[in-house]
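Chain by chain, the residues:
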Amino acid sequence: MRIMPWIGSAMLTLAACFAATPAVAVELKVNDTAPDFNLPGTDGQMYRLSDLTKNHVVVLAWYPKAFTGGCTAECKALRDSGKELAKYNVVYFAASCDTTENNKAFAESLELNFPLLSDPDKQVATSYGVVDENRLVPQRWTFYIGADNKILAIDKEVQPHSAGEAVVAKLRGLGVDEK
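First, a word on what this report is: a plain description of the structure on this page. None of these values were measured; they are calculated from a predicted model.

1. Observations regarding the overall build of the chain
Looking only at helices and strands, the chain has seven helices and seven strands in total. Ordering the α and β elements of the chain from the N terminus gives α-β-β-α-β-α-α-β-α-β-α-β-β-α. Looking at the chain as a whole, 45% of its 179 residues are labelled buried. Long-range contacts, defined here as pairs at least 24 residues apart, represent 68% of the contacts in the chain between residues at least 6 apart. Carbon and sulfur atoms make up 55% of the accessible area of the chain, which amounts to about 9700 Å² in all.

Okay, here's the thing in structure tokens:
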């Protein structure tokens, strides 16, 4: 029995598609250990969660896609709350699966005062459960991670226009130390 040459090519293409599909996401809960990450920021630095949580609470705000309406509003809201956020012992980021170059252009266009993190291979996003095989852009969820790398809170109802105020209120409600 002879296999047609195009079948081998089609099989390789199909295998590549499945290899690029994110794994099934695990749903994280409060008190779970946050998955560690080492992601590039729009300021040219690499950020490792386990280094950051030694001295700060970390806020990781996932957003779907740079240069879209809701994501623009969310990042502006975080930017505009920068003075209030600076009162707390916290480092905060917005993160997406966009490339570093795209996020850098997005951050510059909005004159952001905080770094955007890029996860174009979606490994970290998958480990946080914000993408999976059915959702290829991140959910708009915000994670609050304590000094012991434990998840303090997860906001799955983020309202883009008031995201900054909501983060400040959550930090206050969690009793995060002020500087």
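2. Side note on the packing of helix H3 (residues 69–80) against helix H7 (residues 163–174)
Running from N to C, H3 and H7 cross one another at 50 degrees; their axes reach a closest spacing of 6 Å. Judged by the angle between their axes, H3 and H7 are oblique. Contacts between H3 and H7 pair Glu74, Ala77 and Leu78 from the former with Ala163, Gly164 and Val167 from the latter. For the contact of H3 with H7, a count of residues per class yields four nonpolar, one polar and one charged.

3. Remarks on the side chain of Ser118
Structurally, Ser118 can be placed in strand E5 (residues 116–118). A distance of 3.4 Å separates a polar atom in the side chain of Ser118 from the backbone oxygen of Thr99. Here Thr100 takes part through its backbone nitrogen, which lies 3.4 Å from a polar atom of the side chain of Ser118.

4. Structural notes on the pattern of salt bridges
Under the definition given, this model contains eight salt bridges. A salt bridge links Lys29 to Asp32, with the shortest nitrogen-to-oxygen separation between them at 3.8 Å. On the basis of relative accessible area, Asp32 is assigned to the partly exposed category, the value being 23%. In this structure, Lys87 and Glu84 form a salt bridge, with 2.8 Å as the shortest nitrogen-oxygen distance.

5. Let's talk about H3
Along an α-helix, residues three or four apart share an orientation, since each turn contains 3.6 residues. Taking 1.5 Å per residue, 12 residues should reach 16 Å; H3 reaches 16 Å between its end C-alpha atoms and fits that length. If you check which residues of H3 are buried, you get Cys71, Thr72, Ala73, Glu74, Cys75, Ala77 and Leu78.

6. Some details on unusual backbone geometry
For Glu111, which is not a glycine, the phi torsion comes out positive at approximately 50 degrees. Despite not being glycine, Asn149 has its phi angle at roughly 65 degrees, a positive value. Mapped onto the elements of the fold, Asn149 is located in the loop between strand E6 (142–145) and strand E7 (151–155).

Reading guide: rules and limits
Residues numbered from 1 in each chain as written. Predicted model: local features only at pLDDT ≥ 70, side-chain atom pairs only at ≥ 80, totals over all residues. Heavy atoms only, no water. Helix = DSSP H or I, 4+ residues; strand = E, 2+ residues; numbered from the N terminus. Buried < 20%, exposed > 50% of the residue type's maximum accessible area, 1.4 Å probe, protein only. Contact = heavy atoms within 4.5 Å. Areas by Shrake-Rupley, 256 points an atom, 1.4 Å probe, with all protein chains shown as cover. Axes fitted to C-alpha atoms, helices over the stretch in contact; angles between N-to-C directions. Parallel < 35°, antiparallel > 145°, perpendicular 65-115°, else oblique. Nonpolar A, V, L, I, M, F, W, Y, C, P; charged D, E, K, R; others polar. Polar contact = N/O pair within 3.5 Å; in protein donor to acceptor, adjacent residues only side chain to side chain. Salt bridge = Lys/Arg side-chain N within 4 Å of Asp/Glu carboxyl O. Expected span 1.5 Å × (residues − 1).

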